[in-house]
Amino acid sequence: MPTIVSTPSDWRNLRKPLSGSVGFVPTMGNLHEGHIDLCRRARAENDIVVASVFVNPTQFNQTLDFEKYARTLAADQNLLAEAGVDYLFHPDADSMYPDGYSVKVSEEEIAQELEGAFRPGHFTGMLTVVLKLLNIIGADRAYFGEKDFQQLLLVKKMAANLFLPVEIVACPTVRAQNGLALSSRNARLTPAQLEKAPLLAELLQSGMDDAAVMKKLEEAGFKPEYVETRWGRRLAAAWLGDVRLIDNVPAAEKHKEVLHAAVSGCG
Ligand code: PAF
């Protein structure tokens with residue numbers, strides 16, 4: 001089992017005598033194969049592997065959503081042990097936000113679009129907690145999934161522009177055999193919705209344009225928020241019942257554009 005560490009100062013004390021490279025996988029728990037894939041990659045590339053489980057209140061738009069987020073620490077610990085994770089950083093909100101969230105880090109361009117437009121404040125909460133976690137853990141490499149593509153771009157941009165001494169490693173989205181991107185939220189889909197959900201990835205990969213994909217999703221009973229091609233990817237968010245799904249795939253060759261200048265310096 002990974003050794004559980006509960007406060008930033010406990011981790012700092014533990015970290016001091018450790019030598020060798022540190023790989024870090026930040027999570028909000030309720031782990032699935034997508035997270036474990038990140039942990040395995042971190043295990044293969046580093047001497048020491050740390051994962052965090054912290055359900056970050058500042059990145060939720062609705063209190064109810066935060067409260068409903070599944071907390072599954074015992075199962076998470078078993079999965080992390082199987083993936084060879086050495087340490088589990090599991091702080092509480094008071095130790096992460098001693099200031100009550102008066103100090104924040106925000107980005108003003110990418111964070112305004114797509115997810116940022118539909119989830120005001122989400123990316124400021126996410127960037128703030130990721131910066132805190134990166135500063136606390138002091139990792140050489142930190143692993144993020146491409147499933148949350150806009151999050152990945154923002155973390156890379158923050159690391160590059162705040163000169164953080166950490167390599168941000170992007171890992172491909174892990175999918176079920178039917179193409180559905182793995183997500184903790186999938187567990188909340190009914191069996192009928194689970195059958196329908198892979199259509200999102202299927203349509204994103206089709207030759208149809210963004211507007212046509214949006215229409216097809218509506219016809220199939222989704223409530224799409226956006227389907228857009230940016231940053232060399234085709235990205236979408238859509239509700240299925242009360243579950244919000246997001247996904248993205250490489251954009252078709254004809255739509256490929258170089259990453260916006262704002263993302264430059266991301267490495
Ligand atoms: O992707 C997530 O699970 C979260 O946004 C992260 C990176 C752990 C920050 O809370």
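Shown above is the structure to which this text applies.
Nothing here was measured: the structure is a model prediction, and the numbers come from that model.

Q: Any chance you could explain the overall build of the protein here in plain terms?
A: Assigned secondary structure in the protein consists of eleven helices and nine strands. For the protein, the C-alpha radius of gyration of 18 Å lies close to 18 Å, the compact-globule estimate for 267 residues. Taking the principal axes of the C-alpha coordinates as reference, the protein spans close to 55 × 40 × 35 Å. Relative to its full complement of 267 residues, the protein shows a buried share of 51%. Side chains of the protein carry 28 positive and 34 negative charges; the gap between the two charge centres is 1 Å.

Q: Please clarify how the pairing of strand S6 (residues 167–171) should be interpreted in this entry.
A: In the sheet, strand S5 (residues 141–145) pairs with S6 via five bridges, with the strands oriented parallel. Bridging from a neighbouring strand, Ala142 pairs with Ile168 of S6. After leaving S5, the chain enters helix H8 (residues 149–161) and then returns to the sheet as S6, a path that is right-handed.

Q: Explain the sheet that holds strand S8 (residues 233–240) to me, please; I cannot follow it from the model alone.
A: Across a sheet, paired strands are connected by hydrogen bonds in the backbone, their directions being either parallel or antiparallel. Pairing within the open sheet is antiparallel, and its three strands lie in the order S7-S8-S9. Both edges of this open sheet fall to strand S7 (223–230) and strand S9 (243–250), since each of them pairs with a single strand only. Strand-to-strand twist of the sheet, defined as the mean angle between neighbouring strand axes without regard to direction, takes the value 10°. Pairing of S7 with S8, which is carried by seven bridges, proceeds in the antiparallel orientation. Residue pairing across strands places Lys223 opposite Trp239, the latter belonging to S8. Contacts from helix H11 (residues 210–219) reach S7 and S8, with the element oriented near 160° to S7.

Q: Just to check I follow, could you spell out the sheet that holds strand S3 (residues 48–53) for this structure?
A: If you trace the six strands from one edge of the open sheet to the other, you get S1-S4-S3-S2-S5-S6, paired in parallel fashion. At either margin of the open sheet sits one strand with a lone partner, and together these are strand S1 (3–5) and S6. When the angles between neighbouring strand axes are averaged without regard to direction, this sheet yields 25°. Here strand S2 (residues 22–27) runs beside S3; their pairing, made up of six bridges, is parallel. Looking at the pairing, Pro26 lines up with Ser52 of S3. Of the strands in this sheet, S1, S2, S3 and strand S4 (87–89) are in contact with helix H1 (residues 8–15), which crosses S4 at around 155°. Together, S5 and S6 form the strand contacts of H8, whose direction differs from that of S6 by roughly 165°.

Q: Just to check I follow, could you spell out the site of the ligand for this structure?
A: Taken together, Pro26, Thr27, Met28, Asn56, Gln59, Met126, Val129, Val130, Phe144 and Gln151 form the complete shell of residues around the ligand. Note that an oxygen atom of the ligand is positioned 2.6 Å from one of the side-chain N or O atoms of Gln59. Between the ligand and Gln151, the relevant distance is 2.7 Å, taken from an oxygen atom to a side-chain nitrogen or oxygen of the residue. Its free accessible area being 290 Å², the ligand has 88% of it covered by the protein chains. The cavity that encloses the ligand is the largest cavity.

What counts as what
- Residues numbered from 1 in each chain as written.
- Predicted model: local features only at pLDDT ≥ 70, side-chain atom pairs only at ≥ 80, totals over all residues.
- Heavy atoms only, no water.
- Helix = DSSP H or I, 4+ residues; strand = E, 2+ residues; numbered from the N terminus.
- Rg over C-alpha atoms; globule rule 2.2 N^0.38 Å.
- Buried < 20%, exposed > 50% of the residue type's maximum accessible area, 1.4 Å probe, protein only.
- Lys, Arg positive; Asp, Glu negative; His and termini not counted.
- Charge placed at Lys NZ, Arg CZ, Asp CG, Glu CD.
- Pairing = 2+ DSSP bridges.
- Right-handed = clockwise from strand over helix to strand, strands pointing away.
- Axes fitted to C-alpha atoms, helices over the stretch in contact; angles between N-to-C directions.
- Contact = heavy atoms within 4.5 Å.
- Near = heavy atom within 4 Å.
- Polar contact = N/O pair within 3.5 Å; in protein donor to acceptor, adjacent residues only side chain to side chain.
- Areas by Shrake-Rupley, 256 points an atom, 1.4 Å probe, with all protein chains shown as cover.
- 1 Å grid on protein atoms, 1.4 Å probe; cavity = no way out; pocket = protein on both sides within 12 Å on 5 of 7 lines; lining within 4 Å.
- Sits in = over half its atoms within 2 Å of the grid points.

Note that every value here comes from positions in space, so none of it alone points to a role or purpose.
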